[in-house]
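Notes for the structure review
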Amino acid sequence: MRILHTMLRVGDLQRSIDFYTNVLGMKLLRVTENPEYKYTLAFVGYGTNPEHAELELTYNYGVDNYELGTAYGHIAIAVANAVEACSAAKAAGGNVTREAGPVKGGKTVIAFITDPDGYKIELIERNPDGSRID
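Residues numbered from 1 in each chain as written. Predicted model: local features only at pLDDT ≥ 70, side-chain atom pairs only at ≥ 80, totals over all residues. Heavy atoms only, no water.

- With an unreviewed UniProt entry as reference, the chain is termed Lactoylglutathione lyase, source organism Solimicrobium silvestre.
- The record in UniProt for the chain states the following under Function (unreviewed entry): "Catalyzes the conversion of hemimercaptal, formed from methylglyoxal and glutathione, to S-lactoylglutathione."
- The Sequence similarities (unreviewed entry) comment attached to the chain in UniProt states, word for word, "Belongs to the glyoxalase I family." (UniProt positions renumbered as here; feature names shortened; annotations may be inferred.)

The following block contains the structure:
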């Protein structure tokens, strides 16, 4: 078994596509229009299934915001350098909500960015092979 994708409901599909592609460097993989059922799906990611997990952005016609609730935490993305990733995100209009620095009680360097709908994205420093730095 493996994770194929994570779905987020978004209030403005193009705004979300722009954030994930321009700020976080993902690619728009595909868009599926479903006017009969009043929703559109956009899949973004750093690669496609089955090699990579994808992020499904779901826009339900006429819904421009959602209550995020208290159960949702964040999506984590590996980066080579969290300070540089934050700088690039800011330059692209991203909202850095926690600057790069060690996680409380540890050595791993993390940062947080918030997407346009309020979802948290954690940036975690990792080696190019994906292994932990600390």
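What follows continues from the structure just given.
1. Quick notes on the domain arrangement of the chain
- In terms of domains, the chain is made up of domain 1 (5-60) and domain 2 (75-125).
- On a C-alpha basis, the centroid separation for the pair domain 1 and domain 2 is 20 Å.
- Taken together, the contact pairs 14 residues of domain 1 with 13 residues of domain 2.
- Connecting domain 1 to domain 2 are 1 salt bridge. (Domains from an automatic or database assignment. Contact = heavy atoms within 4.5 Å. Salt bridge = Lys/Arg side-chain N within 4 Å of Asp/Glu carboxyl O.)

2. Topic: the pattern of salt bridges
- Across all of its chains, the model carries 3 salt bridges by this definition.
- The shortest N-O distance in the salt bridge between Arg 30 and Glu 54 comes to 2.8 Å. Of this pair, Arg 30 sits in strand 2 (residues 27-34) while Glu 54 is found in strand 4 (residues 54-60), placing the two residues 24 residues apart along the sequence.
- With relative accessibility at 35%, the residue Arg 30 sits in the partly exposed group. (Helix = DSSP H or I, 4+ residues; strand = E, 2+ residues; numbered from the N terminus. Buried < 20%, exposed > 50% of the residue type's maximum accessible area, 1.4 Å probe, protein only.)

3. Quick word on the UniProt feature "active site" (unreviewed entry) in the chain
- Per the UniProt record, "active site" (unreviewed entry) is annotated on Glu 122.
- Along the chain, the position of Glu 122 falls in strand 8 (residues 120-125).
- You can call Glu 122 buried: its relative accessible area is 10%.
- Sequence-distant contacts of Glu 122, that is, excluding residues within four places in its chain, are made with His 74, Ile 75, Ala 76, Ile 77, Ile 110, Ala 111 and Phe 112.

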